[in-house]
Amino acid sequence: MAARTGEGRAVLVEAGYELIAELGYSGATTAKICQRAGVSSGTFFHFFPTKMDLLLGILEADASHSRLRADALNARASIDPAGALSTWLDTLFAEASDPHLAGFVAGLSAAPAHAPLEECLSEIAALQHTTLVSIVAAGQVRGIWRDDLAADRLALWIGVLADGILTRSVEDAHFAATVAAPDAADLVARYLAPGPVSF
C-alpha cells in the first residue's frame, strides 16, 4: 500500500535525511535507512534504485516545498509585502535551527559528485533569489521600502545575509539562529527602509 500511495517514498526521504545527517553519507546504509523508515529493501529500491537517487530525492523534495512556499509568498507579497518578508525570514530561521542541518550538509559534501545534485541545489538557490526579488519589488511599489537600488540588488544582499546565517548554523554548534533572529530581522528592516541607511 505504501508503495502505491507514495507514503513509502516520503518516509524514506525523511529517514534518509535524518540518517545522512547523523551517520554521514557512507554510514547511512540502505539497510539502516529502511530500518528507520520501517519499510522493506524492496520498497526502497522501488522508489530509489541507488542511495544517490535517494539523496537527489531528498533535495527534490526540498525544491518542491520551496516552490510551494514561493508561490504562497509571491501571492502574499502582492497584498502584504512586509508580511511576506516576515514569513520568509521565519522560514529561514526555522531552517537554520534544524538540528539535522549541519550533519546533512556534511553528508551532502561527502557524497560523490553528481550533476543532478548540483542542478537541484542551483534551482533552490535561484528560487530563493527570485522570491526575494518579488517580495522586495512589491514593497517598493507600495512605497514601504527604499527604491534607490533595484529590487534584484537589494534581494541579492538579503540573500547573502541568509546564506551567512545558514553557514554559521552549520559551522558553529553554539550559534542559536532563533536568538539571532530579531537582530537579523532588524538588520533587514534597516537595510530596506527608505532614506539614508543607518546601522
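Being a predicted model, the structure only gives us computed values, none of them experimental.

Asker: Just to check I follow, could you spell out the overall build of the protein chain for this structure?
Answerer: Helix and strand content of the protein chain: ten helices and zero strands. Along its sequence from the N terminus, the protein chain presents helices and strands in the succession α-α-α-α-α-α-α-α-α-α. The principal-axis extent of the C-alpha atoms belonging to the protein chain is close to 60 × 35 × 25 Å. Expressed as a percentage of its 199 residues, the buried residues of the protein chain come to 38%. Long-range pairs, those at least 24 residues apart, make up 68% of the contacts in the protein chain between residues at least 6 apart in sequence. Across the protein chain, the centroid of the 13 positively charged side chains sits 2 Å from that of the 23 negatively charged ones.

Asker: Can you walk me through the side chain of glutamine 140 in this structure?
Answerer: Locating glutamine 140 in the fold gives a position in helix H8 (residues 115-141). Polar contacts involving the side chain of glutamine 140 include one to the main-chain carbonyl oxygen of leucine 149, which spans 2.9 Å.

Asker: For this particular structure, what's the right way to read the packing of helix H5 (residues 51-77) against H8?
Answerer: Axis angle and axis distance: for two packed helices, these are the angle between their axes and the distance between the axes, and together they describe the pair. Where H5 contacts H8, the two axes come as close as 10 Å, and the packing angle between them is 10 degrees. When the axes of H5 and H8 are compared, the pair comes out roughly parallel. Here the contact of H5 with H8 is built from residues that sort into 16 nonpolar, four polar and four charged.

Asker: Would you explain the pattern of salt bridges in this entry?
Answerer: If the charged atoms of two oppositely charged side chains come close together, the side chains can form a pair. Applying the stated rule across the entire model yields eight salt bridges. Between arginine 36 and glutamate 18 there is a salt bridge, with the nearest N and O atoms lying 2.9 Å from each other. In this pair, arginine 36 is assigned in helix H3 (residues 30-37) and glutamate 18 in helix H2 (residues 7-27), connecting sequence segments 18 residues apart. With a relative accessible area of 38%, arginine 36 lands in the partly exposed category. Where arginine 190 meets aspartate 186, a salt bridge forms, and the shortest distance between an N and an O atom there is 2.8 Å. With a gap of four residues between them, arginine 190 and aspartate 186 both fall in helix H10 (residues 177-192), about one helical turn apart. You can call arginine 190 partly exposed: its relative accessible area is 37%. Judged by relative accessible area, which is 38%, aspartate 186 ranks as partly exposed.

Asker: Teacher, can you tell me more about a nonpolar patch on the surface here?
Answerer: Together, Leu156, Trp157 and Val160 line one region of the surface with nonpolar side chains, adding up to about 280 Å² of accessible area. Note that tryptophan 157 resides in helix H9 (residues 151-171).

Asker: What exactly am I supposed to notice about H10 here?
Answerer: Residue pairs spaced three or four apart in an α-helix point in one direction, given the helix's 3.6 residues per turn. Its 16 residues give H10 an end-to-end C-alpha distance of 21 Å, which sits within 8% of 22 Å, the value for a rise of 1.5 Å per residue. Its maximal kink placed at aspartate 183, H10 deviates by approximately 25 degrees. All buried positions along H10 are accounted for by Ala177, Ala181, Ala184, Val188, Tyr191 and Leu192.

Asker: Would you mind going over the confidence of the model for the protein chain with me for this structure?
Answerer: Caution applies to low-pLDDT regions: their predicted coordinates should not be interpreted in detail. Here the protein chain averages 93 in pLDDT, and 95% of its residues register 70 or above. When the elements of the protein chain are averaged for pLDDT, helix H1 (residues 2-5) gives the smallest value, 43, and helix H6 (residues 81-96) the largest, 97. Ignoring residues within four places in sequence, the model shows residues 1-5, a span with pLDDT below 50, making five contacts including any to other chains.

Asker: Whenever I open this one, the nonpolar core confuses me. Can you help?
Answerer: Taken as a class, soluble globular proteins show a tendency for nonpolar side chains to be buried jointly. In this structure, Leu85, Trp88, Leu92, Ile135, Ile158 and Leu192 are the most contacted members of the largest nonpolar core, which totals 29 residues. Taken together, the elements giving at least two residues each to this core come down to H5, H6, H8, H9 and H10. The contact partners of leucine 85, leaving out residues within four places of it in the chain, are Leu132, Ile135, Trp145, Val188 and Leu192. Of all hydrophobic cores here, the second largest spans 28 residues; its members include Phe48, Leu54, Ala63 and Cys120.

Reading the values: the criteria
Residues numbered from 1 in each chain as written. Predicted model: local features only at pLDDT ≥ 70, side-chain atom pairs only at ≥ 80, totals over all residues. Heavy atoms only, no water. Helix = DSSP H or I, 4+ residues; strand = E, 2+ residues; numbered from the N terminus. Buried < 20%, exposed > 50% of the residue type's maximum accessible area, 1.4 Å probe, protein only. Contact = heavy atoms within 4.5 Å. Lys, Arg positive; Asp, Glu negative; His and termini not counted. Charge placed at Lys NZ, Arg CZ, Asp CG, Glu CD. Polar contact = N/O pair within 3.5 Å; in protein donor to acceptor, adjacent residues only side chain to side chain. Axes fitted to C-alpha atoms, helices over the stretch in contact; angles between N-to-C directions. Parallel < 35°, antiparallel > 145°, perpendicular 65-115°, else oblique. Nonpolar A, V, L, I, M, F, W, Y, C, P; charged D, E, K, R; others polar. Salt bridge = Lys/Arg side-chain N within 4 Å of Asp/Glu carboxyl O. Patch = residues over 30% accessible without salt bridge, like charges linked within 9 Å, V, L, I, M, F, W, Y side chains within 5 Å. Areas by Shrake-Rupley, 256 points an atom, 1.4 Å probe, with all protein chains shown as cover. Expected span 1.5 Å × (residues − 1). Bend = angle between axes of the 7 residues up to and from the residue. pLDDT = per-residue confidence, 0-100. Core = buried A, V, L, I, M, F, W, Y, C linked by side-chain atoms within 4.5 Å.

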